[in-house]
Amino acid sequence: MEYDALIPVIRKLAIEAGAKIMEIYNADDFAVKVKSDDSPVTEADEAADELISQGLRAAFPDVMLVTEEQAGSHKQKGDTFLIVDPLDGTKEFVNRRGDFTVNIALVEGGVPTRGVVYAPAKNRMFFTLADGTSVEETGVFDPDTMGEITPIHVADSDNDALMVVASKSHRDQATDDYINKYKVKDSKSAGSSLKFCLVATGEADLYPRVGRTMEWDTAAGHAVLLGAGGKVVRFDDHTPLTYGKDGYANPFFIAYAPGVELKEA
């Protein structure tokens, strides 16, 4: 994969998908269906998925594509693949809370090496450059012209005063029990893959996830965090979280700045 060719494409597709999502978000009403796993899906998920999938297949026809909304793609296996969640945080979208994101990532050898996370309702966009380092872009988000970018890096964490970020829709007692093992200065909640990005920018030190996620939920945020000097490990044994697993389901995990002294599960 030529990273110089990849980054402009995934950035452009994320912005275009975000615009489509916001059209539907700002409408008076939109349809919500329920998938077989009881999770919601909207016309925004489907429209964004079609736009991104067509764009990626046109640009990179020889690269395997896995996307949340296309169940047939979940049966594929490969070492290198593009993985997409066209609208992560559908519950946030349905409840008009704004914490939803467009996620596109490249996985190579089990590691998400490049990715983009765009939160159109929050006007925030994070992505990896061709060299693997991560940036936040600000401005008008023109699909064809990159705006001002700022390098991002994880915090130099103070283990006596940590900032923790946790799920807005899925926070539970198990999550709180684990967070309580740390000396926490403050905690915040955020939806979707934004939690990875808040660790990547140093706005948070630690994001534990004690709950079900899929690889398309996490790959882009994981790539951004890696490019900002962060880490993502399994909750149970603190080994690196890998991708391309059977069914693309993740175990529980912890995303963090390396200065954090991790506690056992």
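As shown above, the structure is provided for reference.
Model, not experiment: these values are computed from the prediction. (Residues numbered from 1 in each chain as written. Predicted model: local features only at pLDDT ≥ 70, side-chain atom pairs only at ≥ 80, totals over all residues. Heavy atoms only, no water.)

A. Inspection of the packing of aromatic side chains at higher detail. Inspection of the entire model under this criterion finds twelve aromatic pairs. Taking 5.2 Å as the distance between ring centres and 70 degrees as the angle between the ring planes, the aromatic pair formed by Phe93 and Phe100 counts as edge-to-face. What makes Phe93 buried here is its relative accessible area of 0%. In this structure Phe100 comes out as buried when scored by relative accessible area, which is 0%. Put simply, the rings of Tyr178, Tyr182, Phe235 and Phe252 touch in pairs and so form one group of aromatic residues. (Phe/Tyr/Trp six-rings, centres within 6.5 Å; stacked < 30°, edge-to-face > 60°. Buried < 20%, exposed > 50% of the residue type's maximum accessible area, 1.4 Å probe, protein only.)

B. Molecular detail of the side chain of Asp205. Among the structural elements, Asp205 can be located in the loop between α5 (194-200) and β12 (206-209). In this structure Asp205 is buried but unpaired, with Lys185 as the nearest side chain of opposite charge at 6.4 Å. Polar side-chain contacts of Asp205 include one of 2.7 Å to the side chain of Ser157. Apart from residues no more than four positions distant in its own chain, Asp205 is found in contact with Ala155, Ser157, Ala161, Leu162, Met163, Val199, Ala255, Tyr256, Ala257 and Val260. (Helix = DSSP H or I, 4+ residues; strand = E, 2+ residues; numbered from the N terminus. Lys, Arg positive; Asp, Glu negative; His and termini not counted. Salt bridge = Lys/Arg side-chain N within 4 Å of Asp/Glu carboxyl O. Polar contact = N/O pair within 3.5 Å; in protein donor to acceptor, adjacent residues only side chain to side chain. Contact = heavy atoms within 4.5 Å.)

C. View of the packing of helix α1 (residues 3-25) against helix α2 (residues 43-59). The geometry of α1 relative to α2 is characterised by a closest axis approach of 9 Å and an angle of 160 degrees between their N-to-C directions. Classified by the angle between their axes, α1 and α2 sit roughly antiparallel to one another. Considering the relative orientation of α1 and α2, their crossing is right-handed. From α1, Val9, Ile10, Leu13, Glu16, Ala17, Lys20, Ile21 and Ile24 reach across to α2, where they touch Glu43, Ala44, Ala47, Ala48, Leu51, Ile52, Gly55, Leu56 and Ala59. (Axes fitted to C-alpha atoms, helices over the stretch in contact; angles between N-to-C directions. Parallel < 35°, antiparallel > 145°, perpendicular 65-115°, else oblique. Left-handed = near helix turned anticlockwise from the far one by under 90°.)

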